[in-house]
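The lines below spell out each chain.
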Amino acid sequence: HQNLTRYAKRVIKPRTTLESFERSKFFTGRPIARSRLKVLTWLAERGTDFTPDDRHDDSRKCLSYCVSTGSKFVMCLFNANFNDVMWKLPALSSDTQWNLLLDSSDKYADDAQAANGAEIKVPAWSVLVFEIKK
């Protein structure tokens, strides 16, 4: 049970340490200054905003969202495909750090980082959670 306990702690930690998961009000569509993102932005795996076609695509098995907390963002990527998916991360300001907080597949190191605007492999049937700092 040690592996399950360790994983449960990793899943709970972002929930307890990031203010983006502590909301008492609904998200707004308000844009964030000097960013192409909004307080809550839904993104497709190609790194672009979700479109109406994306929303109505019954075969879609992956999506992500980015939540703003002021100077930080949290991005959650969901891949429910049988195969790995290449994912384009949004290109934010050049001084942005992408720190992996959770990898449900356990394929990446706990302290992994991603480059701003990079294309990464999201393992099949997994969730990746990044904290994005400016």
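Our structure's up above, just so we're on the same page.
These numbers come from a predicted model, not from an experiment. Numbers given to residues run from 1 along each chain, matching the order in which its sequence is written. With the structure being a predicted model, the display of local features is reserved for residues of pLDDT at least 70 and the display and counting of side-chain atom pairs for 80 or more, all residues being used for whole-chain, interface and lining totals. Side-chain metrics rest on all non-hydrogen atoms present in the structure, leaving aside hydrogens and water.

Here we look at the sheet that holds strand β8 (residues 126-133)
Within a sheet, adjacent strands bond to each other through the backbone by hydrogen bonds, running parallel or antiparallel. The strand order across the open sheet built from six strands is β1-β2-β3-β8-β5-β6, with neighbouring strands paired in antiparallel fashion. Two strands bound the open sheet, and with one partner strand each, they are β1 (40-43) and β6 (113-114). When DSSP locates at least two bridges between a pair of strands, those strands are taken to pair. Only DSSP runs of H or I with at least four residues qualify as helices, and only runs of E with at least two residues qualify as strands; both kinds are numbered from the N terminus onward. Where strand β2 (residues 62-68) lies against strand β3 (residues 72-79), seven bridges are found, and the strand directions are antiparallel. Bridge pairing in β3 links L63 to F78.

Some words on the pairing of β1
Note on classification: 1.4 Å probe, protein chains only; a residue is buried when its accessible area is under 20% of the maximum for its type, exposed when over 50%, partly exposed between these limits. Where burial is concerned, the two faces of β1 differ: the one with T41 and L43 is buried and the one with L40 and W42 is not. Alignment of β1 against β2, held across four bridges, turns out to be antiparallel. Directly across from L43, in β2, lies its bridge partner S64.

A few points about the packing of aromatic side chains
Each aromatic pair joins two rings of Phe, Tyr and Trp (for Trp, the six-membered one) with centres within 6.5 Å, and gets the label stacked for planes under 30 degrees apart, edge-to-face for over 60, and tilted for any other angle. The final tally for this structure, using the stated rule, is four aromatic pairs. With a centroid separation of 5.3 Å and 55° between ring planes, the pair formed by W42 and Y65 is classed as tilted. Separated by 23 residues along the polypeptide, W42 in strand β1 and Y65 in strand β2 bring together distant segments of the chain. Using a relative accessible area of 15% as the deciding quantity, one classes Y65 as buried. An angle of 80° between the planes, with centres 5.3 Å apart, marks the rings of F82 and W125 as edge-to-face.

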